[in-house]
Amino acid sequence: MTRSERASQIWAVLALAASNRQSLTYGILSKLTGVPAAGLGQLLEPIQSYCLVHGLPPLTILVVQQESGLPGSGFTGAQATEYAKDQMRVFSFDWLEHRNPQPERLEEAVLKRPSNG
């Protein structure tokens, strides 16, 4: 399975979490997807890049560290001073209506705008 195929699966998990106004720790996302927590950053990049390229709220802001409750160092989708505001934008966006962009479009976004800080 490619990085973008996995990212497409993770998109679905994050879209559901957003519709339920939930954030997920890397550990929880790891358990839900079967991907080791240490490998999630590279799989979140296509989602982050897609959101940046298409002017969407930063969906990956929902994945946070257990200790701090903040996204990891690879998150570049929002300024630290804007986390709360951007998280509310993510919660209020209709991700289910937007639909999953699918692996090809996620990969195109990474090529246009690599984003893993």
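Further up the page is the structure itself.
What you see is a predicted model; the values in this text were computed from it and never measured.

A.B. asks: I keep staring at the pattern of salt bridges and nothing clicks. Help me out?
C.D. replies: Opposite charge on two side chains permits them to pair, given that their charged atoms come into close proximity. The full count for this structure, using the stated rule, is four salt bridges. With a closest N to O distance of 3.4 Å, E107 and R3 form a salt bridge. Residue E107 is found in helix α6 (residues 102-112), and its partner R3 is found in helix α1 (residues 3-19); the two are separated by 104 residues along the sequence. The exposure class of E107 is partly exposed, given its relative accessible area of 27%. Looking at R3, the relative accessible area reads 27%, which means it is partly exposed. Residues D86 and R89 are paired through a salt bridge, measuring 2.7 Å at the closest nitrogen-oxygen approach.

A.B. asks: Explain the nonpolar core here, please?
C.D. replies: The tendency in soluble globular proteins is for nonpolar side chains to be buried side by side. W11, I47, L59 and W95 are the most contacted members of the largest nonpolar core, which has 30 residues in total. Of all the secondary structure elements, the ones that give two or more residues to this core are α1, α2 (26-33), α3 (40-53), α4 (83-92) and α6. Examining the composition of this core, we find that seven residues originate from one element, α1, more than from any other. If near-sequence neighbours (up to four positions away) are discounted, W95 is found in contact with W11, A15, A18, C51, L56, P57, L59 and V90.

A.B. asks: I would appreciate a short explanation of α6 in the present structure.
C.D. replies: One full turn of an α-helix is made of 3.6 residues, so residues set three or four places apart face in the same direction. The complete set of buried residues in α6 reads P103, L106, A109 and V110. Along the axis of α6, the buried residues cluster in a sector spanning 125 degrees; they form a single face. Of the exposed residues in α6, the ones pointing more than 90 degrees away from its buried face are E104, L111 and K112. The inward-facing, buried residues of α6 contact α1 and α3.

Definitions and cut-offs
Residues numbered from 1 in each chain as written. Predicted model: local features only at pLDDT ≥ 70, side-chain atom pairs only at ≥ 80, totals over all residues. Heavy atoms only, no water. Salt bridge = Lys/Arg side-chain N within 4 Å of Asp/Glu carboxyl O. Helix = DSSP H or I, 4+ residues; strand = E, 2+ residues; numbered from the N terminus. Buried < 20%, exposed > 50% of the residue type's maximum accessible area, 1.4 Å probe, protein only. Core = buried A, V, L, I, M, F, W, Y, C linked by side-chain atoms within 4.5 Å. Contact = heavy atoms within 4.5 Å. Arc of directions from axis to C-beta.

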